[in-house]
Amino acid sequence: MNPDRVLEDLRELARLTGGPDGARRVCWTDEWTKAREFLRSRLDELPVEVSVDPAGNLWALMQGEGDGFVIVGSHVDSVPAGGWLDGALGIFTAVEALRSQAENGTPPVALRLVDWADEEGARFGRSLFGSSACAGTLEIDEVRDLRDRDGERLEDVVARYDVELDRVHESGEELRGARAYIEMHIEQGPVLESRGEPAATVLGTCGVERHAAVFTGQAAHAGATPMELRRDSFAATAQAALAIREIGLAHEGGVCTVGGATSEPGVVTAVAGRTEMLLDQRHLDPGELAAMLAEARSACEQAAADHGCEVELRHLWSIPPIPFDDRLIGFAKNAVAEAGGKDTAIPSGPLHDAAEMARLIPTVMIFSSSSPPVSHTKEEDTPEADLRVAIDAYGRTVEAMLASAAAGDLPPRA
Ligand SMILES: [Zn+2]
């Protein structure tokens, strides 16, 4: 692997589809097409066959000696005004994996690059479009009528890119023969930066529980109602929010976020009669996640009781934790350590296309650090030295995966 070539490609992509306001490769737009044309121009230099599947995912196949293939992938799309590395790092590191294999002859089994369509969901609000279609988890009727800001329907817009919505699950055929999947991504958070580590292996994506806790008390005059006679839904919410913060601190590896609360009537002269609080909880361990939710529920009930209120938890959305493959995690940990990092492995709070693949085939991810530790903004960045370690580690992991496949492990998917 030659990290210089990855950095060169990333800078060229940023020049073509970025600028002072950040990346603008929103899926299903002309800028996204331009990013894909650039990707194709790089793939055209390699001995690969390029195709686009019924969900709009772009594939490049490099033949190998044995049966089946290892998949290297990520996404070239971005959020509006996004960063130069989110998604693109994974794609151009994958291109470099193909390039370095081609320079060394024929790989022991085939390698396939995939650029997933619409990972970000920036236009219609549905993330992981292409990878979930491929994995068979996309509910077609739930996305058909999603509309963008201009009122255009998802089904109509994707049709302009030759994606017939009712056929997107045919993309799953692409996984016939797949042995394993690897994706590189920036961490998008502060963990590696805070530890001074350039890169790390990813254990899986955290499960998520999202709820709205609705506290109901009694709206009342702020002057006429003595403190002890109030049923203050805002006070109950505040108590619950602080208790939930403690729950997050008590469960190692877990996070609990009260992202906001809205009170009614919401005026300075009234006790709040109704307050709706937004709660997001994440953990890699399903038991811990369930325990955090149960504790949050009782914290809300206790807070409601203490303030003469009632509370109801409304389920908004959830997804179980999706662990990656132990053997591949082992390969990646060794590789990061050999490349100059440590054998650290951390969970991913954000979801990734890799989570969809992990449902079906052995999967692993490598994170580079993020510094500043932000993403989905033009400030997103990673020190070049850290990128070099991550790229090197990725190449070593791909080598280990190919060797394992050649030795008869990681069987091709039927
Ligand atoms: Zn991403």
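Rules used throughout
- Residues numbered from 1 in each chain as written.
- Predicted model: local features only at pLDDT ≥ 70, side-chain atom pairs only at ≥ 80, totals over all residues.
- Heavy atoms only, no water.
- Helix = DSSP H or I, 4+ residues; strand = E, 2+ residues; numbered from the N terminus.
- Rg over C-alpha atoms; globule rule 2.2 N^0.38 Å.
- Buried < 20%, exposed > 50% of the residue type's maximum accessible area, 1.4 Å probe, protein only.
- Contact = heavy atoms within 4.5 Å.
- Areas by Shrake-Rupley, 256 points an atom, 1.4 Å probe, with all protein chains shown as cover.
- Axes fitted to C-alpha atoms, helices over the stretch in contact; angles between N-to-C directions.
- Parallel < 35°, antiparallel > 145°, perpendicular 65-115°, else oblique.
- Left-handed = near helix turned anticlockwise from the far one by under 90°.
- Nonpolar A, V, L, I, M, F, W, Y, C, P; charged D, E, K, R; others polar.
- Donors = N, O, S within 2.8 Å, 3.2 Å for Na, K, Ca; no water.
- Phe/Tyr/Trp six-rings, centres within 6.5 Å; stacked < 30°, edge-to-face > 60°.
- Lys NZ or Arg CZ within 6 Å of the ring centre and 35° of its normal.
- Core = buried A, V, L, I, M, F, W, Y, C linked by side-chain atoms within 4.5 Å.
- Pairing = 2+ DSSP bridges.

Participant: Explanation requested: the overall build of the chain in the structure shown.
Facilitator: When its secondary structure is counted, the chain shows 12 helices and 15 strands. Here the C-alpha radius of gyration of the chain, 24 Å, is about what a compact globule of 414 residues would show, namely 22 Å. Every one of the 414 residues in the chain was classed for burial, and the buried ones make up 52%. A sequence separation of at least 24 residues applies to 78% of the contacts in the chain between residues at least 6 apart. Here the chain displays about 17100 Å² of accessible surface, and carbon together with sulfur accounts for 49% of that area.

Participant: Explain the packing of helix α10 (residues 326-338) against helix α12 (residues 384-406) here, please?
Facilitator: Between two packed helices, the angle of one axis relative to the other and the distance separating the axes together describe the packing. Where α10 contacts α12, the axes come no closer than 8 Å and their chain directions differ by 140°. Our classification of the angle between α10 and α12 gives oblique. For the element pair α10 and α12, the recorded crossing hand is right-handed. Here Arg 327, Leu 328, Phe 331, Ala 332, Ala 335, Val 336 and Glu 338 of α10 lie close against α12, whose contacting residues are Ala 393, Arg 396, Thr 397, Ala 400, Met 401 and Ser 404. A per-class count over the contact of α10 with α12 returns eight nonpolar, two polar and three charged.

Participant: How should the coordination of the zinc ion be read in this particular structure?
Facilitator: When a metal carries six donors in an octahedron, the ideal angles between them are 90 or 180 degrees, while four donors in a tetrahedron ideally lie at 109.5 degrees. Binding of the zinc ion to the protein goes through His 75 (NE2), Asp 86 (OD) and His 185 (NE2), at separations of 2.0 to 2.2 Å. The sequence pattern describing where the donors of the zinc ion fall on their chain is H-x10-D-x98-H. Of the two residues, His 75 is situated in the loop between β3 (66-74) and α3 (88-103) and Asp 86 in the loop between β3 and α3; the sequence distance between them amounts to 11 residues. Accessibility classification places His 75 together with Asp 86 in one group, the buried group.

Participant: Would you take a moment to explain the packing of aromatic side chains for this structure?
Facilitator: Both the distance between ring centres and the angle between the ring planes are used here to describe each pair of aromatic rings. In this structure the tally under the stated criterion is seven aromatic pairs. Taken together, a centroid distance of 6.3 Å and an interplanar angle of 50° make the contact between Trp 116 and Tyr 181 tilted. Highlighted residues: Trp 116 in the loop between β4 (109-115) and α4 (129-135) and Tyr 181 in strand β5 (residues 178-186), separated in sequence by 65 residues. Each member of the pair, Trp 116 as well as Tyr 181, carries the same accessibility label: buried. Three or more aromatic residues joined by ring pairs form one cluster here, namely Trp 28, Trp 32, Phe 129 and Tyr 161. Its end group placed over the ring of Phe 69, Arg 112 keeps NZ or CZ at 5.1 Å from the ring centre.

Participant: Got a minute to help me understand the nonpolar core in this structure?
Facilitator: As a rule of thumb, nonpolar side chains are buried together in soluble globular proteins. Formed by 97 residues in total, the largest nonpolar core has its most connected members in Trp 28, Leu 43, Ile 71, Phe 92, Leu 98, Val 168 and Tyr 394. The dominant element in this core, judged by the number of residues it contributes, is α12, at 10 residues. Residue contacts for Ile 71: discarding those within four places in its chain leaves Trp 59, Arg 112, Val 114, Leu 175, Ala 178, Ala 180, Tyr 181, Ile 182 and Ile 361. In this structure, Ala 236, Met 277, Leu 279 and Leu 313 belong to the second largest nonpolar core, which totals 19 residues.

Participant: Help me understand unusual backbone geometry in this model?
Facilitator: For residues other than glycine, phi is negative in most cases, and the peptide bonds are mostly trans. For the bond from Glu 264 to Pro 265, the omega torsion is 0°, close enough to zero to count as cis. Following the sequence through the fold, Pro 265 ends up in the loop between β9 (255-264) and β10 (270-271). In this structure, the amide linkage connecting Ser 371 to the following residue, Pro 372, adopts the cis form with an omega of 5°. Looking at where Pro 372 falls in the secondary structure, it is placed in the loop between β15 (363-368) and α12. Phi at Ala 81 is positive, roughly 55°, even though this residue is not glycine. Along the chain, Ala 81 turns up in the loop between β3 and α3. Its identity is not glycine, yet Asp 162 carries a phi of approximately 60°, on the positive side. Mapped onto the secondary structure, Asp 162 falls in the loop between α6 (154-159) and β5.

Participant: For this particular structure, what's the right way to read the pairing of β5?
Facilitator: Across a regular strand the side chains alternate sides, sitting on one face of the sheet and then on the other. Most of β5 is tucked away: nine of the nine residues are buried. Sheet analysis places β3 next to β5, joined by four bridges and oriented parallel. Paired with Ile 71 across the strands is Tyr 181, a residue of β5. In terms of strand pairing, β5 meets β15 through six bridges, oriented parallel. If you follow Ile 182 over to β15, its bridge partner there is Val 364.

Participant: So what exactly am I meant to see when it comes to the sheet that holds strand β11 (residues 274-283) here?
Facilitator: Two modes of strand pairing occur in sheets, parallel and antiparallel, and in both the strands are linked by backbone hydrogen bonds. Pairing is antiparallel across the open sheet formed by four strands, whose spatial order is β9-β11-β7-β12. Whereas interior strands pair on both sides, the edge strands pair on one side only; in this sheet they are β9 and β12 (310-319). Along the sheet, successive strands turn relative to each other by an average axial angle of 15°, direction set aside. Sheet analysis places strand β7 (residues 207-216) next to β12, joined by nine bridges and oriented antiparallel. Residue pairing for β12: Ala 212 is matched across the bridge by Arg 314. Across the face of the sheet, helix α8 (residues 233-250) comes into contact with β7, β9 and β11 while running at roughly 10° to β11. With respect to the sheet, helix α9 (residues 286-306) is in contact with β7, β9, β11 and β12, its orientation differing from that of β11 by roughly 160°.

None of this, on its own, says anything about what the molecule does.
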